[in-house]
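If you want the building blocks of each chain, they are given just below.
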Amino acid sequence: MNRKETEFSQIIYALIFVLVFTLMGRAYYLQVVKGDYYNELSQYRSVRIIETQPMRGRILDKNGIVLAEDIPSYSVAVIMEDVKNPKHEFSILSSIIGMRISDIEDKIKKANLPAYEYVILKKDISIKERIQIEESQDKLPGINVITSYKRYYPFKEVGAAFIGYVGPVTLDDIKTDSYYDINDVIGKQGLELQYEKYLRGIKGKKEVLVDAFGRVKSILYEEKPVPGNDIYLNIDINVQKDLENLVGDRNGVAIAMDPRTGGIIAMVSHPTFDPNLFVNGIGEKDYNLLLEKNAFINRAIQSRFPPGSTFKSLTLISALEKGVITKGTIIDCGPYVTIGGRNFKDWIYPSAFGRQTPSVALANSSDVFFYKLGLMTGVDTIKYYSDLLKVGDLTGIDVPFEISGIIPSPQWKKETVGEQWYLGDTANMSIGQGFVSLTPIEVASLYQIIANNGIGLTPHFLNKIVSSKGEVILEYKPQVRVNYKFKDDTLTVIKDGLEGLSNKPDMRIMRVNGVTVCSKTGTAEVGDKEGSVHHWLVSFAPKDNSSVLGLLFFEYSKFPSSHALAPLMRDLLKNFF
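Residues numbered from 1 in each chain as written. Predicted model: local features only at pLDDT ≥ 70, side-chain atom pairs only at ≥ 80, totals over all residues. Heavy atoms only, no water.

Caption draft 1: Structural view of the overall build of the protein chain. When you go through the protein chain residue by residue, the secondary structure sums to 21 helices and 23 strands. Its C-alpha atoms give the protein chain a radius of gyration of 35 Å, more than 25% over the compact-globule value 25 Å for 577 residues. In terms of overall dimensions, the protein chain has a C-alpha envelope of 140 × 55 × 50 Å along the principal axes. Each of the 577 residues in the protein chain was classed as buried or not, and the buried ones make up 51%. (Helix = DSSP H or I, 4+ residues; strand = E, 2+ residues; numbered from the N terminus. Rg over C-alpha atoms; globule rule 2.2 N^0.38 Å. Buried < 20%, exposed > 50% of the residue type's maximum accessible area, 1.4 Å probe, protein only.)

Following this line, the structure appears as structure tokens:
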């Protein structure tokens, strides 16, 4: 072997020695120096991405008092990929949380999620249940207690009609919006539904390292969730509570509105419900009880009723604007008027009001005056001004499922009832009976136009929307839905008549601290129950530059008359004067 070959062999041997030494050193480092670390790491199963839920935004009244918020809660969830023995583990879990094994399996099946994703089995578990699950963790691989949130309504039934509630998402929700998965909740009714996309926030995500039991050992990467926005309302919860007490356990509606902006200060619909019942899914028994009482219907916007004498203001507006009468016109009114061979009686029959001007007739709510006036004016003119002032239209209030009223016409009757229009229909329409049917919010909106001198504003709950950082991202600006210039005398006649009613001996109680009040009562006969009536009272004050409008409505009323609502209206107005 020559010298060059010897040198080459030495180099090869040296390289082999270095390589062997390096490998032995690396093996020593991995097995001895980092042995514990890699032994622990060998127990890890995978890197997993977990979505993290944001806190839902709050709903607050005008003074910042919380009406709905998220509070911390614990839920038990399962990741099927990590479950070793489903039957055994579900049996242990069932004994802890009181959920049948078949229900656990059914919930997992219905979730239809990949095996590596969480399926929430039970929300809002107790502290005792949480401790038992955590103590049994070695026997329950794949089953975890997770921190989440639940919706909480501190005032329970108060304001539930417009606040609404949240509940578990449906498959349709998931198909419609990719934001949601089976573990989410969503606004189902009221403002919770109306402003869902503002309230729900933005989900976060975490990249975590988990062990063979599915337990999180470390967080590798995290994008924190963004809390939902806060919704500030025009509602004053103190006024709301007062109106809830005024309505009591009767079936009815109470509304307080700022006629200058359309802002809803309070709205009551009774019967109602406790939205806390829906947060984790309401039981069948509780749901059926509420269903029997029609508690889920917001009567202020979702139920139509004959408006009775509250409609007389519109009949008078139609006649004055059309020029059928003037403010000085006198109509002689006996105890009844005969129309089509039928006697239409006044409400004071067998007495009579005699000769009346329009303002006096409105204050007296004389049926005979308005029967005659309606025939003089005609159905087409009344319908025309109803449409012009959008009396039977959707008001556009910012809660879902509002329905529109019915202002009939000969064509409507032909298409709906299949009969021709008679003069008696016009007479009934003139006093808010017959086929006329309005929601309480529509009646309030008509009088808001009167109080606001021809400017009708969309009724609304929203004041502003504020981000989790405190930034105002949306501030509500009043929306004009009607802008009508009345003749000079029309509103004077109407307001004088409404003030005249408020000044009657049994109604004067409404004049809080001497403030001038304009009011209209209404007693609507209801054909579906013999001898039954609905009672209305709508008021605004002061007479000029009105700052508050109140409406009271009682379904199948037990009050002796609509005038008997005056003390309740006084109590409503006392919140403002």
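That covers the picture; the talk isn't over yet.
Caption draft 2: Expanded view of empty space enclosed by the protein. Taken as a whole and judged by the stated rule, the model has two cavities of 30 Å³ or more. Of the volumes computed, that of the largest cavity is approximately 40 Å³. Surrounding the largest cavity, Ala161, Phe162, Gln189, Gly190, Asn298, Ile301, Gln302, Val399 and Pro400 form its lining. Where the lining of the largest cavity is concerned, the elements lending two or more residues are helix H6 (160–163) and helix H12 (299–302). Grouping the constituent residues of the lining of the largest cavity by class yields five nonpolar, four polar and no charged. Here the second largest cavity defines a volume of roughly 30 Å³. In terms of lining, the second largest cavity is formed by Glu157, Gly159, Ala160, Ala161, Gln240, Glu244, Met267, Val268, Ser269 and Thr272. Listing elements by their share of the lining of the second largest cavity, those giving two or more residues are H6, helix H10 (237–247) and strand S12 (263–270). Looking at the lining of the second largest cavity element by element, the count peaks at three residues for S12. (1 Å grid on protein atoms, 1.4 Å probe; cavity = no way out; pocket = protein on both sides within 12 Å on 5 of 7 lines; lining within 4 Å. Points joined across faces, edges and corners; volume = space filled by probe spheres on them. Nonpolar A, V, L, I, M, F, W, Y, C, P; charged D, E, K, R; others polar.)

Caption draft 3: Inspection of the packing of aromatic side chains at higher detail. On inspection of all chains with the given rule, the structure shows 20 aromatic pairs. With centroids separated by 6.4 Å and ring planes inclined at 55 degrees, the aromatic side chains of Tyr195 and Tyr198 adopt a geometry described as tilted. Overall, the relative accessible area of 9% leaves Tyr195 in the buried class. A relative accessible area of 32% means that Tyr198 is categorised as partly exposed. Summarising the aromatic geometry, the rings of Phe554 and Phe559 are spaced 5.1 Å apart at their centres and angled 50 degrees between planes, so their arrangement reads as tilted. Under the relative-accessibility criterion, Phe559 is labelled buried at 17%. Ring pairing ties together the aromatic residues Tyr165, Phe273, Phe278, Tyr287 and Phe296, which thus form one cluster. Its end group placed over the ring of Tyr74, Arg130 keeps NZ or CZ at 4.2 Å from the ring centre. (Phe/Tyr/Trp six-rings, centres within 6.5 Å; stacked < 30°, edge-to-face > 60°. Lys NZ or Arg CZ within 6 Å of the ring centre and 35° of its normal.)

Caption draft 4: Representation of the sheet that holds strand S23 (residues 548–554). Ordered by their spatial adjacency, five strands build an open sheet running S12-S11-S23-S22-S21, and the pairing between neighbours is antiparallel. Because the sheet does not close on itself, it has two edges, and the strands there are S12 and strand S21 (518–525). On average, each strand axis in the sheet is tilted by 5 degrees relative to the strand beside it, whichever way the strands run. Where strand S11 (residues 252–258) lies against S23, six bridges are found, and the strand directions are antiparallel. Residue Ala254 lies in a different strand from S23, and its bridge partner there is Leu552. Seen against the sheet, H10 touches S11, S12 and S23 and runs at an angle of roughly 30 degrees to S12. (Pairing = 2+ DSSP bridges. Axes fitted to C-alpha atoms, helices over the stretch in contact; angles between N-to-C directions. Contact = heavy atoms within 4.5 Å.)

Caption draft 5: Layout of the packing of H10 against helix H21 (residues 566–573). Here H10 crosses H21 at 170 degrees, and the two axes come no closer than 10 Å. With respect to their mutual orientation, H10 and H21 come out roughly antiparallel. Across the interface between the two elements, Asp242, Leu243 and Leu246 from H10 touch Leu568, Asp571 and Leu572 from H21. For the contact of H10 with H21, the residue count by class is four nonpolar, no polar and two charged. (Parallel < 35°, antiparallel > 145°, perpendicular 65-115°, else oblique.)

Caption draft 6: View of the layout of surface pockets. Quantified by volume, the largest pocket comes out at close to 1,200 Å³. The set of elements that each furnish at least two residues to the lining of the largest pocket consists of strand S1 (44–52), strand S3 (66–78), strand S5 (143–152), strand S8 (204–211) and strand S9 (216–223). Per-element accounting of the lining of the largest pocket gives the leading share, eight residues, to S5. In the lining of the largest pocket, the residues fall into 22 nonpolar, eleven polar and 15 charged. Along the wall of the second largest pocket there are 29 residues; nearest its centre are Ser309, Trp347, Asp367, Thr523 and Glu525. Only strand S15 (342–345), helix H14 (358–364), helix H15 (367–377), S21 and strand S22 (533–541) provide two or more residues apiece to the lining of the second largest pocket. Among the residues forming the lining of the second largest pocket, the class breakdown is nine nonpolar, 14 polar and six charged.

Caption draft 7: Focus on the environment of Pro440. Mapped onto the fold, Pro440 is located in helix H19 (residues 440–451). Exposure remark for Pro440: the relative accessible area of 0% places this residue in the buried category. Residues within four places of Pro440 in sequence aside, it is in contact with Val253, Ile255, Arg299, Ala300, Ser303, Phe305, Trp536 and Leu551.

Caption draft 8: A look at the pattern of salt bridges. Taken as a whole, this structure holds 26 salt bridges when the rule is applied. Among the ionic pairs, Glu192 bridges to Arg151, the shortest N-O distance being 2.9 Å. With Glu192 in helix H8 (residues 190–194) and Arg151 in strand S5, this pair connects stretches of sequence that are 41 residues apart. Looking at Arg151, the relative accessible area reads 3%, which means it is buried. (Salt bridge = Lys/Arg side-chain N within 4 Å of Asp/Glu carboxyl O.)

Such coordinate-based values are descriptive only and should not be taken to indicate function.
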